[in-house]
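Reading the structure
Here is what each chain is made of, one letter per residue.
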Amino acid sequence: MTDKYAVIGNPIAHSKSPLIHQMFAAQTGQDISYEAILAPLDGFAATVERLRDQGYKGCNVTVPFKFEACRIVNDVTSKVIDVFDLGENADAINTLVFRNNKIIGGNTDGVGLVRDITQNLNSNVAGKRVLLMGAGGAACGVVHPLLDQRPQEFVIANRTLENAIKFKQTIRGTAQFPVRSVSVSSYPNLSGKQFDIVINATSASLMDEMPNIPKTIFAPGALAYDMMYGRDTPFMKFAREHGAAIVSDGLGMLVEQAAESFYIWRGVRPDTASVLKKLRAELPIA
Ligand code: ATR
């Protein structure tokens, strides 16, 4: 019998997840279906429960429901829920598993980002000076897997400094990188500092804007990574003009986080390189 999966979001029509998971399924011979489901803004929990009751095996969760997904998981924790040990950060959740009427949640975004950086872009986070820009859901989903890599320095910068301070208070840190070693900064205060990896986890690119970072921010050989995909963002253009050696959008992260969800659901690791190549042909950056 075909096992059913879905991605829930609002909006959702743009989602590449159905295409990615169908490619993974074809490649690995897994008998699954995967559809995009639009949930009303006030109807996320009801949608999840409906899918679970209809026998779906799991789902991905995207904007704007990642924090709410965590609440659902925690709400039911006493009865039924377990949280994946994935990046230890379950404050924003992108993957749910329905098993024995239980909802299990976790986040594969950070693992996806780290895999894209280390495997697809052949860079290291270990030993590097890392700047994470943004303090919302996107930043929350990736912070622990990045810290797990044991960077040399880790700074979170945000337009509203107060939000960065609050965000830091939600971070648990890792054995590799304790939270006391994480710094927070405004963008202007980054003046004079340089980073080997600069990650844009803000939603500024959606509005064709970018954080107000100094032009000198990129260390020689730096990687500039925008978690947005399918467009050349102002941050990516800025990075190219101001000395970043590698500039990437988030398409690889999208494919890698999907692969990790697929692995959790199916126990099979798909080949991501061929899928990324096909998607890149559809979504060139330029
Ligand atoms: P997401 O789930 O995509 O992270 P979010 O939780 O609303 O969305 O968070 C948006 C993030 O992008 C925040 O860090 C926000 O900064 P503020 O805390 O100051 O609001 C950041 N952001 C949005 N637009 C921005 C812009 N034009 N310049 C810089 N940062 C921006």
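About the cut-offs
- Residues numbered from 1 in each chain as written.
- Predicted model: local features only at pLDDT ≥ 70, side-chain atom pairs only at ≥ 80, totals over all residues.
- Heavy atoms only, no water.
- Buried < 20%, exposed > 50% of the residue type's maximum accessible area, 1.4 Å probe, protein only.
- Helix = DSSP H or I, 4+ residues; strand = E, 2+ residues; numbered from the N terminus.
- Arc of directions from axis to C-beta.
- Contact = heavy atoms within 4.5 Å.
- Domains from an automatic or database assignment.
- Buried area = accessible area lost by both parts, 1.4 Å probe.
- Salt bridge = Lys/Arg side-chain N within 4 Å of Asp/Glu carboxyl O.

**Topic: helix α9 (residues 272-282)**
Looking at α9, one finds that the buried residues are Thr272, Val275, Leu276 and Leu279. Projected down its long axis, α9 shows its buried positions confined to an angular sector of 100 degrees, all on one face. Opposite the buried face of α9, at more than 90 degrees from it, the exposed residues are Lys277, Lys278 and Ala281. Against the buried residues of α9 lie α1 (17-28), α4 (109-120) and α8 (251-266).

**Some remarks on unusual backbone geometry**
Of the consecutive residues Asn10 and Pro11, the connecting peptide bond is found in the cis state with omega at 5 degrees. Within the fold, Pro11 resides in the loop between β1 (3-9) and α1. For the bond from Val63 to Pro64, the omega torsion is 0 degrees, close enough to zero to count as cis. As for its placement among the helices and strands, Pro64 is situated in the loop between β3 (58-61) and α3 (66-75). For Asn100, which is not glycine, the phi torsion reads 50 degrees and is therefore positive. The residue Asn100 is located in the loop between β4 (95-99) and β5 (102-106) in this model.

**Considering the domain arrangement of the protein chain**
When the domains of the protein chain are assigned, the result is domain 1 (3-107 + 252-282) and domain 2 (111-249). In this structure, domain 1 and domain 2 have C-alpha centres spaced 25 Å apart. Between domain 1 and domain 2, the residue contacts involve 20 residues of the former and 21 residues of the latter. Overall, the association of domain 1 and domain 2 removes approximately 1700 Å² of surface from exposure, summing both partners, and the carbon and sulfur fraction of that is 52%. When the shortest N-O distance is used, the salt bridge between Glu260 and Arg115 registers 2.6 Å. Elements with a minimum of two residues in the side of domain 1 that touches domain 2: α8 and α9. For the side of domain 1 that touches domain 2, the element with the most residues is α8, which contributes 6 residues.

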